[in-house]
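Spelled out from the first residue to the last, the chains are:
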Amino acid sequence: MLLYFAIALISAAGLAFEIALTRIFAIAQGYHFGFLAIMLALLGFGASGTALALRPALARADVMPRLVRFSLAFSLSLVASYLAINYLPFDAYRVAFERAQLLYLILYYLALVAPFFVGGLILGIPLVAFPTRAARVYAANLAGSGLGCIAALAALTLFGGPGAVIFAALLAALAALAFAAQDDRTRINTDEHGKSKLSVLISVHLCPISILPFALILLWLALLIAPPPLFELQISPYKGLSQIMRLPDARRVFSASNAYARVEVVESSAIRSAPGLSLAYRGDLPTQRALFEDAESASPLTAAAPTALLDALPVTLAYRLRPNARALILKPGGGLEVLAALNHALSEAEGVGAREIIAVEENPLTAQAAREYAPRAFGDSRVRVIATGARSFVARAPDRFDIVHLALSDSFRPVTAGAYALGENYLYTREAFRDYLNHLNDDGILVVSRWLQLPPTEEVRVGALALAALDTTDPTQHILALRSFSTMLLLVKRTPFTAREIAIARAFAEQQQFDWIAAPDIRPWETSRFYPETNRYNFLPNNDYFNAFQPLLDRERRGAFLANYAYDITPPTDDRPFFFHFFKWEQTPQVLQLMGKQWQPFGGSGYLILFALLALSVVASGLLIGVPLVSLRGAFFATKQSPNRGSETPALACGASVASSQTALLAMTNEWFYFACLGVGFLFVEVPLIQRFILFLDQPVYAFATVLFALLIASGAGSFASARVSLRGAFIALVVAILIYPTLLPFVFQMFLGYAFAARVLIALVLLAPLGFLMGIPFPKGIARLNEIAPNRVPLAWGINGCASVISSILATMGALTWGFSWVMLAGAGAYVLALLAGTRRTNL
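As a convention, each chain's residues are numbered from 1 in the sequence order in which they are written. It should be noted that, the model being predicted, local features are given only for residues of pLDDT at least 70 and side-chain atom pairs only at 80 or more, the latter also being counted only at that level, while totals for whole chains, interfaces and linings use all residues. Values reported for side chains reflect all heavy atoms of the structure, with hydrogen atoms and water molecules removed beforehand.

The next thing to look at is the overall build of the protein. For the protein, the count of helices and strands is 29 helices and 12 strands. Accessible area is worked out with a 1.4 Å probe on protein chains only. A residue is then buried under 20% of its type maximum, exposed over 50%, and partly exposed in between. Out of the 845 residues in the protein, the part that is buried amounts to 62%. Note on contacts: a residue pair is in contact if any heavy atoms of the two residues lie within 4.5 Å. Once local pairs closer than 6 in sequence are excluded, the contacts in the protein between residues at least 24 apart make up 79%. For accessible areas, the Shrake-Rupley method is used with a probe of radius 1.4 Å. Any residue's cover is judged against the shown protein chains and nothing else. Taken as a whole, the protein presents about 31800 Å² of accessible surface, with 63% of it coming from carbon and sulfur. Think of it this way: any DSSP run of H or I at least four residues long counts as a helix, any run of E at least two long counts as a strand, and we number them from the N terminus.

This is the structure we're talking about:
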C-alpha cells in the first residue's frame with residue numbers, strides 16, 4: 001500500500017504544480033503562458049518514457065532507493081523550476097528583436113520540462129518494474145492526480161501561487177518518505193545475511209536516504225509558514241500593474257488572492273480614467289484608484305464623480321431612456337458605470353437615476369475591494385452587489401429588468417496582438433445574449449459598452465451577436481449604436497425604438513458630441529454622405545464603424561459580409577466562446593509581414609504561435625521517439641513467447657511468436673499507433689470538457705480542477721477494474737458516450753446552470769464519472785498485454801502516449817478555436833475508434 005500511496009502523492013504533486021503554474025503565468029505573464037506550461041508538462045512526461053527506454057536498468061535493481069532519490073530530486077526541482085522562470089530575464093515582447101531572448105525561451109522550456117521529466121520517471125519506473133501491478137500503479141497515478149487538483153485549489157487559496165509550488169514540493173517530499181518506508185519494510189522483512197531485525201531496523205533508519213525526506217518536509221513547512229522575499233512573484237514590466245507602479249506616488253492599498261484571481265488596488269494622484277468620456281466635457285477628472293485582476297484589466301475605482309462627468313458618459317443615454325430603472329449590471333468593475341446609473345441630476349428635469357441596481361461581480365475579492373474603495377457606488381442603498389458567476393445568476397434570476405448592462409470592465413486590448421484569442425468568454429455568446437434579452441421587460445433595453453478597434457472587430461462582433469440573438473426581420477428598428485472617441489455604446493430592444501426614444505437619443509448624442517453608428521432612421525443601404533451625424537465629432541477619414549455596421553443590419557448582405565470580412569467576427573456560441581479570436585487564414589501574410597515590427601508578445605504573431613508550438617512539439621516528440629528506436633532497434637524487436645489464445649489474441653501481440661523482423665515491425669507500429677491514439681483521444685475529450693465546464697462552474701480554475709478530478713479519479717477506478725472488463729466493450733461504450741456528450745451537455749447546462757454552486761459541482765462529477773471510468777480502461781489493458789509479450793517496449797509506449805498527448809493538447813485548442821468543442825470531441829471519438837481497431841484486430845473481445 002505504501003508504494004501506491006507514494007505514487008498517488010507524486011501524481012498529486014505534479015498536478016498541483018501544473019495548476020499552480022497556470023495561475024502564476026496568468027498573473028506574471030499572461031493567459032497564453034498557462035497553456036504553454038500544460039504543454040511542456042506533457043512533454044516532460046513523454047521524455048521520461050524515452051529515458052526509461054534508453055536506460056532500462058533504472059527499473060531493475062534497487063528500485064525503491066532509486067524512487068526515493070528521484071522523489072527528492074522531484075521535490076527540489078519543483079521549487080527550482082519556479083525560481084528559474086521567476087528570475088530568468090525572458091521578455092516575450094523582445095523575442096522578435098533580440099536573439100538572446102530565444103536562449104532565454106529555451107531555458108524557460110527546460111526549466112518547465114525538468115520537474116515533469118523527473119516526475120514521469122517516478123511514475124514510469126513502477127510500470128516497468130512491477131508489470132503484474134500495472135493496473136494498480138496506473139490507478140494510483142490517476143487517483144493521485146485527481147486529488148492533486150483539489151489540493152491545488154486549497155493551496156492557491158491559502159498560500160497563493162508561489163506557496164502552492166512549495167506545497168507541491170511538500171507532497172513530493174512526503175512521497176519520498178513513503179517510498180523510503182516501503183524500502184525499509186522490504187529490507188526488514190528480507191532480514192539479509194542473518195542479521196536480527198532490530199539491527200536491520202537501526203541501520204535502515206540511520207541511513208541518509210531515510211533522513212533527507214524529513215529534512216525537506218521541515219524545510220518546505222518552514223517556507224510555507226514564512227516565505228522569504230526570494231519567492232515573491234515577479235510580474236512582467238508590460239502588465240498594467242507594473243506600469244502604474246512606476247508612478248512616483250503609486251502604492252498598493254489592497255492585495256488579496258484566491259484560487260482563481262489576485263486582486264490589487266493601487267492609488268496615485270496620476271490615476272484618471274473615464275472610458276468613452278465625451279470630448280465636450282471640460283471639467284476636472286476625479287481622483288481615482290486602479291483595480292487590477294491578475295495584474296491587468298485595470299478598472300477605475302471612483303469614490304465620487306461630478307454630475308457633469310457622469311452625464312458625459314455614453315452609458316447615461318440608457319438611463320435617460322429608462323429613468324427610475326431597475327437595472328442588472330454584469331461585471332461592473334470599479335463602478336464608474338454604476339455611478340452613471342445612479343446619477344440623479346440629469347440635465348433634463350425629467351426622471352432620476354436607477355431606482356434599483358443588482359451588480360453581479362464574479363470575483364468576491366473584486367466585490368470586496370469595490371465596496372471598500374468606491375463606497376458611493378457600491379455602498380448606495382439602491383445597489384445590491386452579488387458575488388457569483390454572471391451567466392449562472394442570469395439563469396436563476398426570476399425577475400425581469402428594465403436594463404441589462406454589460407459594463408466595460410476590461411482594459412483595451414489591441415486586436416493585432418492576438419494574445420487574448422485563447423481565452424473563453426461566456427458573457428459574449430449568442431446563448432448569453434438571448435438570456436439577457438429574455439430577462440428584459442417587454443420594453444427593456446440591453447446595454448453593451450465596448451472599446452473601438454481599428455480595423456473594426458470587437459464592436460462589430462457585438463453587433464453581430466445582438467442581431468443573431470434578436471433574430472428579427474427588420475433589425476434596424478431594434479438597434480441604437482453610437483461612438484465616442486474610444487468606445488461604442490450599443491442599445492438593443494426586443495420591441496422597436498419609439499420616435500420619442502429616438503428623439504431623446506439624438507438630442508443626447510448632439511449635446512455630448514457622439515457620432516452615430518446605427519439608428520432606426522438610418523437606412524443600411526445608404527452611404528454615410530446622407531448621414532453627416534455619423535462622422536461629425538470624432539472624425540474618421542473612412543467612417544469605418546458606420547460602414548462596417550450597415551451590411552450587418554441588412555439581412556440580405558449580412559451572411560456575405562461576415563464570410564468575406566478580413567477578420568472573423570461571426571457571433572461566438574457556447575460551443576465556441578472565443579470572443580477575442582478574430583484570426584482568419586487570409587491574415588497570415590499580413591501577420592508575418594508585421595512580425596517583429598510591432599510591440600506585442602512574440603512579435604504580435606498571436607494565433608500563429610500555436611503553429612510554432614505545434615511544430616516544436618512535433619520535432620521534440622519525433623526526437624523522443626526516434627532516439628530510442630535508433631539506439632535500441634534490435635532490442636525492441638525481441639519479444640517473449642506468448643501462449644496461443646486462438647481468436648482472442650490481441651493485435652498488440654501479433655508479432656509475439658513471429659521471428660520475421662518485418663512482421664515484428666508491423667506489430668510494433670500497431671502498438672505505437674494504439675498508444676498514440678489513446679493519448680490523442682484522451683486530450684481531445686479532456687480539453688474541450690474543461691473549457692466547456694467553465695460556463696457551468698463559473699471560473700476556469702474550478703472547471704479545470706473539477707473536470708480533471710472527476711476524469712482522473714474515475715479513470716483510476718476504470719484502470720483498477722480493467723482486468724475484468726472487455727476491451728472491445730469498453731471501447732464501444734466509450735465512443736458512444738463521447739458522441740452523446742456534445743448534445744447532452746448543453747441540455748444539462750440549460751437545466752441546472754441556475755443551481756447553487758455545490759449542486760453544480762456534484763452534477764458535474766456525476767456527468768463526468770462514467771466517461772472517466774471508460775477512458776481509464778484501454779491504457780492499462782494495453783500495458784498489461786505489452787508486458788506479457790515485450791516488456792522492454794513498455795517505456796516507449798509510455799513515451800509515445802505522452803508525446804501524442806502533447807501534440808493533441810495543441811491540436812485540441814486549435815480545433816476548438818476554429819470549429820468548436822463539439823467537433824474536437826467527435827475527433828476524440830474517432831481517435832478511440834482507431835485505437836479500438838488497432839487494439840482488437842483479429843479478436844473477438
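Moving on, we get to the side chain of asparagine 670. With respect to the helices and strands, asparagine 670 occurs in helix 23 (residues 661–697). In this structure the side chain of asparagine 670 is engaged in a polar contact, spanning 2.8 Å, whose partner is the backbone oxygen of alanine 838. Distance and chemistry together define a polar contact, namely a pair of N or O atoms within 3.5 Å, with one atom able to donate a hydrogen and the other to accept it when in protein, and with adjacent residues in sequence counting only for side-chain atoms on both sides.

Below, the discussion takes up the confidence of the model for the protein. For every residue, the predictor assigns a confidence score, pLDDT, that lies between 0 and 100. Residues at a pLDDT of 70 or more form 85% of the protein, whose mean pLDDT is 84. Every residue in residues 345–351 is under pLDDT 50, and counting partners more than four places away or in other chains gives 14 contacts. Within the model, pLDDT remains below 50 along residues 642–659, and this stretch shows 44 contacts once partners closer than five positions in the same chain are excluded.

It is worth spelling out the environment of tyrosine 531 at this point. Of note, tyrosine 531 is situated in the loop between strand 12 (515–518) and helix 18 (544–553). By relative accessible area, which is 8% here, tyrosine 531 ends up buried. Sequence-wise, tyrosine 531 and tryptophan 516 are 15 residues apart; in three dimensions their C-alpha atoms are separated by 8.8 Å.

Read from one edge to the other, the open sheet built from 8 strands follows the order 7-6-5-8-9-11-10-12, with strand pairing classed as mixed. At either end of the open sheet lies a strand with only one pairing partner, and these are strand 7 (383–387) and strand 12. Put simply, the sheet's adjacent strands are angled 20° from each other on average, direction ignored. Packed on one face of the sheet, helix 15 (residues 430–438) meets strand 5 (326–330), strand 8 (401–406), strand 9 (440–451) and strand 11 (487–493) and runs near 140° to strand 9. For two strands to be treated as a pair, DSSP must find no fewer than two bridges joining them. To obtain each axis, a line is fitted to C-alpha atoms, and for helices this fit is confined to the stretch in contact; angles are then taken between N-to-C directions over 0 to 180 degrees.

Salt bridge, as used here: a side-chain nitrogen of Lys or Arg that lies within 4 Å of a carboxyl oxygen of Asp or Glu. Evaluation of the coordinates by the stated rule reveals 29 salt bridges. We note a salt bridge from arginine 760 to aspartate 698, for which the minimum N-O separation is 3.2 Å. Of this pair, arginine 760 sits in helix 26 (residues 757–775) while aspartate 698 sits in the loop between helix 23 and helix 24 (700–720); the two residues are 62 residues apart in sequence, bridging distant segments of the chain. Note on accessibility: arginine 760 and aspartate 698 belong to one class, buried. In this structure, a network of salt bridges that share partners links the residues Arg322, Asp443, Lys493 and Glu501.

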